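Secondary and tertiary structure notes
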Amino acid sequence: NANNPILDVTSSSMSCNGGTKADDTIEVAAGSEIGLQWHHNEGAPTGADSDEPIAGSHHGPVIVYIAPAESNGEGDVWVKIQQDGLTGTTWGVDNFIANKGLISVKVPELAAGEYLIRPEIIALHEAGSEGKAQFYNGCGQIKITGSGSTSLPAGVAFPGAYSATDPGVLCNIYGGEVACTASGSAGYDVPGPEV
């Protein structure tokens, strides 16, 4: 329940924004679609908040990771299951705003058990300078049900998955065509591992 950005990619808040383990879980079936949402302020959105669900200037990707709950989000456990970066001139955040702060995620056909799911926005409006990309994340605890048998592969650690100088983190989105790729060509490389 905090809307302050994380600026330091080495912060422990990169895992679950400083959240603590939940007493409850949300039960979801493997392979189902779930909705994840977050908003500019706590409580029900109001029409008076022009930055709801996030300021329109906060262009960047929307990413979702999952990890086994027993890991507490520690170690190389985070597996990327979805990303929405830059398509043409439309950012993942633009799609998120158009959908009023809601994203849909397909839950993988994982073995039944408890998992952490971690949505993240990376706002790039000030990311032309190192240490100025803004990270907004949080975690939910889910209990996957069903007959899935897939185990998660090795993942990445938070902190650790991103560097402050990754092309998708240190990225000037102004002044013409976006060129935030490892090769320096036009486009945008979403940071972190492949989906």
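Our subject is the structure listed above.
Procedures and definitions
- Residues numbered from 1 in each chain as written.
- Predicted model: local features only at pLDDT ≥ 70, side-chain atom pairs only at ≥ 80, totals over all residues.
- Heavy atoms only, no water.
- Helix = DSSP H or I, 4+ residues; strand = E, 2+ residues; numbered from the N terminus.
- Rg over C-alpha atoms; globule rule 2.2 N^0.38 Å.
- Buried < 20%, exposed > 50% of the residue type's maximum accessible area, 1.4 Å probe, protein only.
- Contact = heavy atoms within 4.5 Å.
- Areas by Shrake-Rupley, 256 points an atom, 1.4 Å probe, with all protein chains shown as cover.
- Lys, Arg positive; Asp, Glu negative; His and termini not counted.
- Charge placed at Lys NZ, Arg CZ, Asp CG, Glu CD.
- Disulfide = S-S within 2.5 Å.
- Phe/Tyr/Trp six-rings, centres within 6.5 Å; stacked < 30°, edge-to-face > 60°.
- Lys NZ or Arg CZ within 6 Å of the ring centre and 35° of its normal.
- Core = buried A, V, L, I, M, F, W, Y, C linked by side-chain atoms within 4.5 Å.
- Pairing = 2+ DSSP bridges.

**Re the overall build of the protein**
- Secondary structure summary: the protein contains 2 helices and 12 strands in total.
- Along the protein, helices and strands appear, N-terminal first, in the series α-β-β-β-β-β-β-α-β-β-β-β-β-β.
- At 16 Å, the protein has a C-alpha radius of gyration in line with the 16 Å of a compact globule built from 195 residues.
- A principal-axis box enclosing the C-alpha atoms of the protein has dimensions of 50 × 40 × 30 Å.
- For the protein, the residues scored as buried account for 41% of the 195 residues in total.
- Sequence-distant contacts in the protein: of pairs separated by 6 or more residues, those separated by 24 or more amount to 74%.
- As displayed, the protein has an accessible area near 9700 Å², and 47% of this comes from carbon and sulfur atoms.
- Separation between the mean location of the 7 positive side-chain charges and that of the 23 negative ones in the protein comes to 4 Å.

**Quick notes on the state of the cysteines**
- Tallied over the full model, the rule gives 2 disulfides.
- Across the disulfide from Cys-16 sits Cys-139; the S-S distance is 2.0 Å. Torsion about the S-S bond of the Cys-16 and Cys-139 cystine: about -80°, corresponding to left-handed handedness. One end of the pair, Cys-16, is in helix H1 (residues 13-16); the other, Cys-139, is in the loop between strand S9 (134-137) and strand S10 (140-145), with 123 residues separating them in the sequence.
- Cys-171 shares a disulfide with Cys-180; S-S distance 2.0 Å. Its S-S torsion of approximately 90° makes the covalent link between Cys-171 and Cys-180 right-handed. As far as the burial class goes, Cys-171 and Cys-180 line up, both buried.
- Counting only the cysteines that take part in disulfides, in the order they occur along the protein, gives the pairing 1-2, 3-4.

**A closer look at the environment of Lys-100**
- By the element assignment, Lys-100 lies in the loop between helix H2 (92-98) and strand S7 (102-106).
- The exposure class of Lys-100 is exposed, given its relative accessible area of 64%.
- Lys-100 sits 77 residues away from Asp-23 along the chain, and the two C-alpha atoms are 28 Å apart.

**Brief notes about the packing of aromatic side chains**
- Per the stated rule, a full pass over the model turns up 5 aromatic pairs.
- Both rings, one in Trp-38 and one in Phe-96, keep their centres 4.9 Å apart while their planes meet at 40°; by these two values the pair is tilted. Here the residue Trp-38 occupies a position in the loop between strand S2 (33-37) and strand S3 (62-68), and Phe-96 occupies one in helix H2, the gap between them amounting to 58 residues.
- When its relative accessible area of 1% is taken as the criterion, Phe-96 is described as buried.
- Following the ring pairs from residue to residue traces out a cluster consisting of Tyr-65, Phe-135, Phe-158 and Tyr-162.
- Its end group placed over the ring of Phe-158, Arg-118 keeps NZ or CZ at 3.8 Å from the ring centre.

**Topic: the nonpolar core**
- Among the nonpolar cores identified, the biggest contains 28 residues, and Trp-78, Leu-124, Phe-135, Phe-158, Tyr-162 and Tyr-188 are the most heavily contacted of them.
- Counting only elements with at least two residues in this core, the list comes to H1, S3 and strand S8 (113-123).
- Considering each element in turn, this core owes the most residues, 3 residues, to S3.
- Contacts of Leu-124, omitting those with residues within four sequence positions, involve His-59, Gly-60, Pro-61, Trp-91, Ala-133, Gly-168, Val-169, Cys-171, Ile-173 and Tyr-188.
- Ranked by size, the runner-up nonpolar core spans 23 residues in total, among them Ile-34, Tyr-115, Ile-117 and Ile-142.

**Topic: the pairing of S7**
- Where burial is concerned, the two faces of S7 differ: the one with Ile-103 and Val-105 is buried and the one with Leu-102, Ser-104 and Lys-106 is not.
- In terms of strand pairing, S2 meets S7 through 5 bridges, oriented antiparallel. Residue pairing for S7: Ile-34 is matched across the bridge by Val-105.

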